[in-house]
Amino acid sequence: MKTNIVHHIAQLANIPVTGDEEETLAIAFDETLEVVEKLKEVDVTGVQPTHQVTGLMNVLRDDIVDASRMFTQEEALANAKATYNGYFVVNQIIEQE
Amino acid sequence: MKTLNTLTLKQTLDLIEKNEISAADVVKDVQSEIERKNAELNIYLTLDKNAIKTAEAHTDQELKGIPIAVKDNFCTKGLRTTASSTVLDTFIPPYDSTVTKKLKTAGGTIIGKTNLDAWAHGSSTETSQFGRTLNPRNPDHLPGGSSGGSAAAVAADMCIAALGTETAGSIRQPAAWCGVVGLKPTYGRVSRYGIVAMASSTDSPGPIGKTVEDCSILLNVIAGQDPYDATTSPKPTINYTTSLDKSIKGKKIGIIYLDIPELKEIKSLYESQLKIFEQLGASIEYVKAMDPHPAIGVYTVVQRGEVSSNLARYDGIRFGNDRSHFGAEAKRRIMLGTYTLSKGYSDQYYNRAQQVRSLYIKDFAKLFETYDVLVAPTSPGYAKKMGATEGSSMFGELEDMLLEASSLAGLPAINVPCYKDDATGLFLGLNIIGAMFREDNVIQIADAFEKATKWNSWRNN
């Protein structure tokens, strides 16, 4: 696999990779895809895909609030590396004029 | 005088019931064993320092305060949960998974969190970002994975029983490599809520224990529909211990996979053990199942696709460290999954994999029209040596070749030890697969085999 494709996938997956890692990953991808390509040898004419095995559909619940499942603001923020006045802090993504 | 950590779950329950021992004493003996061996074997990542108090408080409940090891991908409220990744190295869950909540409500004491392949991505426990776990049967060898820590904890008597999860082999394979019993319930029988997700369409939490009976006791505690997991089944659960101590006369057993070239060296060992079923009155028939090799490809694509979606939530903003902390294996899987789901590729990879999956489901369903269970070797060989996974990006998938198809189909299955090599101390395991929701057959037949043979390490307790 070409490293420019690896680079593109890394962006799609939001995973930071170095130039060296891109090369190692390209080799690893080829190893994996070699195994996956074998799927093309199986005859799947007329076969429906299975996305889940339970057969369950439209499992719904009543639209009511279950207070026992609510976090307090403190609980919700407890594991965040950066908070400010009760908010999660994220990197700036919009340029200021 | 044997220490209390060497007891089975059933024995511990009985002795506490009779007031001959206390749960706190069991916890203490387990903790002593952990102190002796954990530095060497690296089984536990986190220990609960309140375990003795918890045991004392719950001694009147169903599980009587007995210490259970929990794989570190179950969220345990207030107790660090890492999924063996440095992304979550300081994560303290603010809630319990449904399964650990059920365990606690039933009076189980969580003694600590066990090591796994990071994010459950693996079949060796070598991809853990906290170091590999060693196999207590022979520390030059790996315990298998991804539930390697839990299986090793049971084998080493560093707990009374344990919980693991299986996506495609992660309960059965480490149970086989560690010479213990591992039960993978039907997909949807046990709730996945609060468990670090891997492949949402196959993940199955389940018990790992010293005996088939111990596993069925734990399954009773954790099974059942959960309103927080929409994929759990509304089918009522049964009392799984009623499948124990029942004759298997007349049961029809289909032996599959045994003619595969990779199994040439151990084939005759298995054939000699399979005769036990006939001695017990069951009939065995060697039968052809769909070739398991394509299942490797199916699983590779489906799992990595679902992983790429599930691990998107680890953004380092609301909890955990940022995505640069992912290890090499996690990066490979997320990115391969992203690729096979991306525009232009999803038809040839993901959709096709799900079509092949349908073929496996049909194949098993047809076999279960004739047979009560299907039986095969769990693993193509004994536990591999330390370092075996290095330089191999497909190690896990190849090791789990005999397990992937049944996991993709959502079937219940169990590993029971079926041979021990006295020279190395390592075990081989038997994989007994049942039809959907037929844990009763799986347990009944596994229990009969265990009690008729000498492979269970706790049979002389």
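Reference entry: report on the structure contained in this document. (Residues numbered from 1 in each chain as written. Chains lettered and ligands numbered in written order. Predicted model: local features only at pLDDT ≥ 70, side-chain atom pairs only at ≥ 80, totals over all residues.)

## Regarding the overall build of chain A
Note the following rule: Strands are runs of DSSP state E lasting at least two residues, helices are runs of H or I lasting at least four, and both sets are numbered from the N terminus onward. In this treatment the radius of gyration is a C-alpha quantity, and the globule benchmark scales as 2.2 Å times the residue count to the 0.38 power. Partly exposed residues are those whose C-beta has more than 12 but fewer than 20 other C-beta atoms within 10 Å; with 20 or more the residue is buried, with 12 or fewer it is exposed, and the C-beta atoms are placed from the backbone.
Each helix and strand in chain A was counted, giving three helices and two strands. Counted from the first residue to the last, chain A has its helices and strands arranged as α-α-α-β-β. Taking 13 Å as the expected radius of gyration for a compact globule of 97 residues, we find that chain A reaches 23 Å, considerably beyond that expectation. Across its three principal directions, the C-alpha atoms of chain A cover 55 × 45 × 30 Å. By residue count, 14% of the 97 residues in chain A fall in the buried class.

## Observations regarding the interface of chain B and chain A
So the rule is basically this: Here, residue contact means that the backbone-derived C-beta atoms of the two residues sit within 7 Å. Note on residue classes: Ala, Val, Leu, Ile, Met, Phe, Trp, Tyr, Cys and Pro are nonpolar, Asp, Glu, Lys and Arg are charged, and everything else, Gly too, is polar.
Residue-level contacts link 49 residues of chain B with 38 residues of chain A. Among the elements of the structure, helix H9 (293-310), helix H10 (328-341) and helix H11 (347-367) of chain B are those that each provide at least two residues to the side of chain B that touches chain A. Examining the composition of the side of chain B that touches chain A, we find that eleven residues originate from one element, H11 of chain B, more than from any other. Among the residues making up the side of chain B that touches chain A, the classes are represented as 24 nonpolar, 18 polar and seven charged.

## So, helix H4 (residues 98-105) of chain B
Residues and elements named next belong to chain B. Of all the positions in H4, only Thr 98, Val 99, Thr 100, Lys 101 and Leu 103 are classed as buried. Considering only its buried residues, H4 is in contact with strand E2 (67-71), strand E3 (109-114), strand E4 (161-166), strand E6 (204-209) and helix H7 (212-222). Directly after H4, the chain includes Gly 107, whose backbone phi takes a positive value near 95 degrees.

## Section: unusual backbone geometry
Residues and elements named next belong to chain B. Geometrically, the link from Gly 145 to Ser 146 is a cis peptide bond, its omega value of 10 degrees lying close to zero. Mapped onto the elements of the fold, Ser 146 is located in the loop between E3 and helix H5 (148-155). For Trp 119, which is not a glycine, the phi torsion comes out positive at approximately 65 degrees. With respect to the element layout, Trp 119 can be found in the loop between E3 and H5. On the basis of neighbour count, Trp 119 is assigned to the buried category, with 29 C-beta atoms found within 10 Å.

## A look at the nonpolar core
Let me state the cut-off plainly: A set of buried residues drawn from Ala, Val, Leu, Ile, Met, Phe, Trp, Tyr and Cys, joined through C-beta atoms within 7 Å, is what defines a nonpolar core.
In terms of nonpolar packing, the biggest core is built from 151 residues, with Ile 68, Val 154, Cys 159 and Ile 432 of chain B touching the most fellow members. When residues no more than four places from it in sequence are discounted, the contact partners of Val 154 of chain B are Cys 159, Ala 161, Ala 162, Cys 178, Val 180, Ile 208, Gly 209 and Lys 210 of chain B.

## Observations concerning the sheet that holds strand E7 (residues 252-255) of chain B
Residues and elements named next belong to chain B. Stated precisely, the cut-off is as follows: Strands qualify as paired when DSSP identifies two bridges or more between them. Axes here refer to lines fitted to C-alpha atoms; in helices the fit is confined to the stretch in contact. Angles between the N-to-C directions go from 0 to 180 degrees.
The mixed open sheet is built from eleven strands, whose spatial order is E1-E3-E2-E4-E6-E5-E10-E11-E9-E7-E8. Both outer strands of the open sheet, strand E1 (44-47) and strand E8 (283-286), are each paired with one neighbouring strand and no more. Averaged over all neighbouring strand pairs, the angle between strand axes comes to 25 degrees, with direction disregarded. Relative to E8, E7 runs parallel, the two sharing four bridges. Residue pairing in the sheet places Ile 253 in a bridge with Ile 284 of E8. Across the sheet, helix H2 (residues 23-41) lies against E1, E2 and E3, angled at about 15 degrees from E3, the strand it touches most. Of the strands in this sheet, strand E9 (373-377), strand E10 (413-421) and strand E11 (426-434) are in contact with helix H14 (residues 439-452), which crosses E11 at around 145 degrees.

## Some points on the packing of helix H1 (residues 3-12) of chain A against H10 of chain B
What counts, and what does not: Throughout, the term roughly parallel applies to angles under 35 degrees, roughly antiparallel to angles over 145, roughly perpendicular to angles from 65 to 115, and oblique to all others.
For the pair H1 of chain A and H10 of chain B, the least separation of the axes is 9 Å and the interaxial angle reads 95 degrees. What the angle tells us is that H1 of chain A and H10 of chain B run roughly perpendicular. Residues Ile 9, Ala 10 and Leu 12 of chain A of H1 of chain A lie in contact with H10 of chain B, whose contacting residues are Met 335, Thr 338 and Tyr 339 of chain B. Classifying every residue of the contact of H1 of chain A with H10 of chain B by side-chain character gives five nonpolar, one polar and no charged.

## Overview of the environment of Ala 57 of chain B
Residues and elements named next belong to chain B. Within the secondary structure, Ala 57 is located in helix H3 (residues 51-57). You can call Ala 57 partly exposed: it has 15 C-beta atoms within 10 Å. Residues Ala 57 and Ala 24 lie 33 residues apart in sequence; the distance between their C-alpha atoms is 9.4 Å.

## Re H9 of chain B
Each α-helix turn comprises 3.6 residues. Residues three or four places apart therefore point the same way. We apply this condition: One fewer than the residue count of a helix, multiplied by 1.5 Å, yields its expected span.
The end-to-end C-alpha distance of H9 of chain B, which contains 18 residues, comes to 26 Å, matching closely the 26 Å that a straight helix rising 1.5 Å per residue would cover. Of all 18 residues that make up H9 of chain B, 15 are buried, and the element is covered over most of its length.

## Let's talk about the environment of Val 302 of chain B
Residue and element names in this part refer to chain B. With respect to the helices, strands and loops of the structure, Val 302 is situated in helix H9. Overall, Val 302 belongs to the buried group, with 27 C-beta atoms counted inside 10 Å. On a C-alpha basis, the gap between Val 302 and Arg 357 in space is 9.3 Å, while along the polypeptide they are 55 residues apart. Contacts of Val 302, omitting those with residues within four sequence positions, involve Ala 199, Ser 201, Ala 353, Gln 354, Arg 357 and Leu 408.

## Observations concerning the pairing of E6 of chain B
Residues and elements named next belong to chain B. When you tally the buried positions in E6, you get six out of six residues, the bulk of the element. Summarising the sheet, E4 and E6 pair through five bridges and their orientation is antiparallel. For Thr 165, the partnering residue across the bridge sits in E6 and is Pro 205. Bridging between strand E5 (residues 181-184) and E6 involves two bridges; their strand directions are antiparallel. Paired with Val 181 across the two strands is Gly 209, which belongs to E6.

On their own, these measurements won't tell you what the molecule is for.
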